[in-house]
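# Inside the fold
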Amino acid sequence: MILSGAGLSTESGIPDYRGETGRTRRAEPMTYQTFVSSAPARRRYWARSHLGWRHIARAAPNAGHRAVAELQARGLLAGIITQNVDGLHQAAGAREVIELHGSLDRVACLSCRRRSPRQDLHRRLTAANPGWHAVAAEINPDGDAVLTDEQVETFRVVDCHRCGGLLKPDVIFFGENVPRPRVEECFSLTERAGMLLVLGSSLTVMSGYRFVRHAAERGIPVAIVNRGPTRGDSDAVVTLDAPWARPSPPCCASWTLSSGSAAARRSSCPRGSRRAAVR
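The notes below deal with the structure included here. Quantities reported herein were computed from a predicted structural model and do not represent experimental measurements. (Residues numbered from 1 in each chain as written. Predicted model: local features only at pLDDT ≥ 70, side-chain atom pairs only at ≥ 80, totals over all residues. Heavy atoms only, no water.)

## Structural notes on the overall build of the protein chain
- A count of helical and extended segments in the protein chain gives ten helices and twelve strands.
- A sequence separation of at least 24 residues applies to 72% of the contacts in the protein chain between residues at least 6 apart.
- Only carbon and sulfur atoms are counted for the fraction: they give 49% of the accessible area of the protein chain, which is about 13,200 Å². (Helix = DSSP H or I, 4+ residues; strand = E, 2+ residues; numbered from the N terminus. Contact = heavy atoms within 4.5 Å. Areas by Shrake-Rupley, 256 points an atom, 1.4 Å probe, with all protein chains shown as cover.)

Structure, rendered in structure tokens:
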């Protein structure tokens, strides 16, 4: 089973929070509590996201996304779980991807719960702000464009056209819980897999790390490919420090197949004993 994180999409031009392209010191993520309780915060979020979402929408899958899709096409995967909200796994041809934290290409109403395409909201926001022509200084993780206070103050937000409720991107904000049925489905996939392969995640957030722990506790081998150390290194039988634009699908498939049985991996490679670096 694949568990992917933001590091898999950095080669597609989408920055992450904690890796080499991370912007944590300059961009604190929006929390759910702040979003629902503050109209100025929602205006700031939607102004920045309205501009930054175009960057996400234009992003193209890289070799890592294509490798995952080919592994699935070869029948080697029990499932794909992604912590990313960019839809690049599906753009690369992957199917039935579990989007643990949702997707930026959908919008949800907090009142009537109706979901709609992000493109529809984009057209409505563009129509509501005909004279707004802001230019982003930079793009932060999750399509958050950096704007000045003056640019934000003139932006007009729209509400649900059906019931007038607050609109929110169909993603899990910090401080918000992943729906329990989705979590249970991920646990079930983990238990059915012969191996858990983590791609591009530091596993800092428990939301994804819990599946690594779940696998390790049940004797399911864990392998991690990431730039730099991760929270799950001690749970893994092998870790690889590498960028994801470089591996080709045949290479990934061969590496996965050569892993052997779960029992063989556990006996030949104790957890945390192997770390390879690719430069």
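## Here's the deal with the pattern of salt bridges
- The final tally for this structure, using the stated rule, is twelve salt bridges.
- Here Asp144 makes a salt bridge to Arg48, at a shortest N to O gap of 2.7 Å. One end of the pair, Asp144, is in strand E7 (residues 144-145); the other, Arg48, is in helix H2 (residues 39-58), and 96 residues separate them in sequence.
- Judged by relative accessible area, which is 18%, Asp144 ranks as buried.
- Taken together, the shared-partner salt bridges connect Glu99, Asp105, Arg106, Arg115 and Asp170 into one network. (Salt bridge = Lys/Arg side-chain N within 4 Å of Asp/Glu carboxyl O. Buried < 20%, exposed > 50% of the residue type's maximum accessible area, 1.4 Å probe, protein only.)

## Quick word on the packing of helix H7 (residues 180-192) against helix H8 (residues 206-217)
- Running from N to C, H7 and H8 cross one another at 35°; their axes reach a closest spacing of 10 Å. The two elements H7 and H8 cross, and the hand of that crossing is right-handed. For the pair H7 and H8, the contacting residues are Arg180, Val183, Cys186, Phe187, Thr190 and Glu191 in the first and Arg210, Phe211, His214 and Ala215 in the second. (Axes fitted to C-alpha atoms, helices over the stretch in contact; angles between N-to-C directions. Left-handed = near helix turned anticlockwise from the far one by under 90°.)

## A word on the packing of H2 against helix H5 (residues 118-128)
- Running from N to C, H2 and H5 cross one another at 120°; their axes reach a closest spacing of 11 Å. Comparing their axes, H5 and H2 come out oblique. Taken as a pair, H2 and H5 cross one another with a handedness that is left-handed. Between H2 and H5, the contacting residues are Trp46, Ser49, His50, Trp53 and Arg54 on the first element and Arg118, Gln119, Leu121, His122, Leu125 and Thr126 on the second. (Parallel < 35°, antiparallel > 145°, perpendicular 65-115°, else oblique.)

## Considering the environment of Leu110
- Relative to the helices and strands, Leu110 resides in the loop between strand E4 (102-109) and strand E5 (115-117).
- In this structure, the C-alpha to C-alpha distance between Leu110 and Gly165, residues 55 residues apart in sequence, is 6.2 Å.
- For Leu110, the contacting residues outside a window of four places in its chain are Tyr32, Val36, Leu166 and Lys168.

## Topic: unusual backbone geometry
- For Glu96, which is not glycine, the phi dihedral falls at a positive 50°.
- With respect to the helices, strands and loops of the structure, Glu96 is situated in the loop between helix H4 (88-91) and strand E3 (97-99).
- Positioned with a positive phi, Arg113 is a non-glycine residue whose angle comes to about 70°.
- Counting through the fold element by element, Arg113 comes out in the loop between E4 and E5.

## Concerning the nonpolar core
- Membership of the largest hydrophobic core comes to 31 residues, with the highest contact counts inside it found for Tyr45, Trp46, Leu104, Leu121, Leu147 and Leu167.
- Elements with a contribution of two residues or more to this core: H2, E4, H5 and strand E8 (167-171).
- Ranked by residue count, the leading element in this core is H2, at seven residues.
- With residues up to four places along the chain from it excluded, the contact list for Leu147 reads Ala47, Arg48, Leu51, Trp132, Ala134, Val135, Ala136 and Val152. (Core = buried A, V, L, I, M, F, W, Y, C linked by side-chain atoms within 4.5 Å.)

## Remarks on H2
- Taking 1.5 Å as the rise per residue, H2 with 20 residues should run 28 Å; its terminal C-alpha atoms sit 29 Å apart, in good agreement.
- Of all the bends in H2, the largest measures some 35° and sits at His50.
- Turning to H2, its buried residues are Ala41, Arg42, Tyr45, Trp46, Ala47, Arg48, Ser49, His50, Leu51, Gly52, Trp53 and Ile56. (Expected span 1.5 Å × (residues − 1). Bend = angle between axes of the 7 residues up to and from the residue.)

## Examining the sheet that holds E4
- Taking strand neighbours across the sheet as the criterion, the three strands line up as E5-E4-E8 in an open arrangement whose pairing is antiparallel. Unpaired on one side and paired on the other, E5 and E8 mark the two borders of the sheet. Ignoring which end each strand starts from, the neighbouring axes of this sheet average 45° apart.
- Bridge count between E4 and E8: four bridges; the pairing is antiparallel. Residue pairing in the sheet places Val107 in a bridge with Pro169 of E8. (Pairing = 2+ DSSP bridges.)

In short, the description is geometric, and any link to function would need to be established separately.
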